[in-house]
Amino acid sequence: GESVGLHLPTLSVQEGDNSIINCAYSNSASDYFIWYKQESGKGPQFIIDIRSNMDKRQGQRVTVLLNKTVKHLSLQIAATQPGDSAVYFCAQTNRDDKIIFGKGTRLHILP
Amino acid sequence: GAVVSQHPSRVICKSGTSVKIECRSLDFQATTMFWYRQFPKKSLMLMATSNEGSKATYEQGVEKDKFLINHASLTLSTLTVTSAHPEDSSFYICSAGTRRYNEQFFGPGTRLTVL
């Protein structure tokens, strides 16, 4: 079956440091992998995506890495800020283009 | 642009009653809307896909007679939780757009509490 999971449920990072959130996935047939940010009591917010034929993509302060050999996805946030506190979900698309969400990692920013 | 609203944002109801949740695309037309539920500290689980003018497609394990979905226009989809029970208490989130993942925009969610 399809599943997307995360290695750590909670990650604490010092403000200003870089954050790395990891994700393992099982469906190697996905065309796209996506990272979402969800703040408390709100819906998910798209952060960045990567096509399956790429291994790295950069956005503003964020980088997504895809390692298809080990079915691993990561999100790197540079210079973590208090506003980055949220739950981060990795997700992938299935053959019907539906979004399959992973379990989420809560990112805590330490002052 | 691409704003999606949900109403109500919070609802508390008694067991056995029905609750309707609205999902609206405010500044664009959505041919497809998706409904998700999210339990506390859990991930989003897709419940159903709603296409304008046609019947919704439900994911495996989701009771279509319990979760009634109507997509009457290109800007509105409704989810009705019929005969709600405490185990239906959850955070219900919709997304609106097209079938493409990168053309879907999420609403703010509706917190349902069934007493």
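Note that this is a predicted model, so its numbers are computed, not measured.

(A) Region of the structure containing the overall build of chain A. From N to C terminus, chain A includes zero helices and eleven strands. Taken from N to C terminus, the helices and strands of chain A fall in the order β-β-β-β-β-β-β-β-β-β-β. Taken over C-alpha atoms, the radius of gyration comes to 13 Å for chain A, in line with the 13 Å a tight globule of 111 residues would show. Once the C-alpha set of chain A is aligned to its principal axes, its extents read approximately 40 × 30 × 20 Å. Every one of the 111 residues in chain A was classed for burial, and the buried ones make up 48%. Of all intrachain contacts in chain A linking residues separated by at least 6 positions in sequence, the fraction that spans at least 24 positions is 54%.

(B) Geometry of the side chain of threonine 32 of chain B. Residues and elements named next belong to chain B. Residue placement: threonine 32 occurs in strand 4 (residues 32-38). When its relative accessible area of 2% is taken as the criterion, threonine 32 is described as buried. When sequence neighbours within four positions are dropped, the list of residues in contact with threonine 32 reads Thr49, Ser50, Asn51, His71, Ser95, Ala96, Gly97, Thr98 and Arg99.

(C) Just the packing of aromatic side chains, in detail. Residues and elements named next belong to chain A. Summed over all chains, the structure comprises ten aromatic pairs over all chains. Judged by centre distance (4.5 Å) and plane angle (50 degrees), the rings of tyrosine 25 and phenylalanine 33 are tilted. A relative accessible area of 7% places tyrosine 25 in the buried class. Overall, phenylalanine 33 belongs to the buried group, its relative accessible area being 2%.

(D) Focus on the pairing of strand 3 (residues 19-25) of chain B. Residues and elements named next belong to chain B. Judged by which residues are buried, strand 3 turns out to be one-sided: Val19, Ile21, Cys23 and Ser25 face inward and are buried, whereas Lys20, Glu22 and Arg24, on the alternate face, are not. By the bridge criterion, four bridges tie strand 1 (residues 4-7) to strand 3 in an arrangement that is antiparallel. Bridge assignment links serine 5 to a residue of strand 3, and that residue is arginine 24. Alignment of strand 3 against strand 8 (residues 76-81), held across six bridges, turns out to be antiparallel. Counterpart to arginine 24 in the pairing with strand 8 is leucine 76.

(E) Seen up close, the interface of chain A and chain B. The partner chain B presents 18 residues to the 18 residues of chain A that form the contact. When chain A packs against chain B, the two sides together hide about 1500 Å² of surface, and 55% of this comes from carbon and sulfur. Sorting the residues of chain A by area buried against chain B places Asp97, Lys98 and Phe101 of chain A first, and these three jointly supply 35% of that buried surface. Linking chain A to chain B there are two salt bridges. With its nearest N and O atoms 3.5 Å apart, the salt bridge here joins arginine 100 of chain B to aspartate 97 of chain A. Looking at the side of chain A that touches chain B, the elements that each hand over two or more residues are strand 4 (32-38), strand 9 (86-93) and strand 10 (99-101) of chain A. By residue number, the principal contributor to the side of chain A that touches chain B is strand 4 of chain A, which donates four residues.

(F) Representation of the nonpolar core in the model. If you look at the biggest cluster of nonpolar residues, it comprises 23 residues, and the most contacted ones within it are Trp35, Leu79, Tyr92 and Leu112 of chain B. Not counting residues up to four positions away in its chain, the partners in contact with tyrosine 92 of chain B are Gln6, Ile21, Tyr36, Arg37, Met47, Phe67, Leu79, Gly109, Thr110 and Leu112 of chain B. Formed by 20 residues, the second largest nonpolar core is a distinct cluster that contains Val13, Trp35, Val64 and Leu75 of chain A.

(G) Representation of the side chain of serine 25 of chain B in the model. Residues and elements named next belong to chain B. Structurally, the position occupied by serine 25 is in strand 3. The exposure class of serine 25 is buried, given its relative accessible area of 4%. In terms of polar contacts, serine 25 uses its side chain to reach the backbone carbonyl oxygen of leucine 74, at 3.5 Å. Residues within four places of serine 25 in sequence aside, it is in contact with Val3, Ala30, Met33, Leu74, Thr75 and Ala96.

Reading the values: the criteria
- Residues numbered from 1 in each chain as written.
- Chains lettered and ligands numbered in written order.
- Predicted model: local features only at pLDDT ≥ 70, side-chain atom pairs only at ≥ 80, totals over all residues.
- Heavy atoms only, no water.
- Helix = DSSP H or I, 4+ residues; strand = E, 2+ residues; numbered from the N terminus.
- Rg over C-alpha atoms; globule rule 2.2 N^0.38 Å.
- Buried < 20%, exposed > 50% of the residue type's maximum accessible area, 1.4 Å probe, protein only.
- Contact = heavy atoms within 4.5 Å.
- Phe/Tyr/Trp six-rings, centres within 6.5 Å; stacked < 30°, edge-to-face > 60°.
- Pairing = 2+ DSSP bridges.
- Buried area = accessible area lost by both parts, 1.4 Å probe.
- Salt bridge = Lys/Arg side-chain N within 4 Å of Asp/Glu carboxyl O.
- Core = buried A, V, L, I, M, F, W, Y, C linked by side-chain atoms within 4.5 Å.
- Polar contact = N/O pair within 3.5 Å; in protein donor to acceptor, adjacent residues only side chain to side chain.

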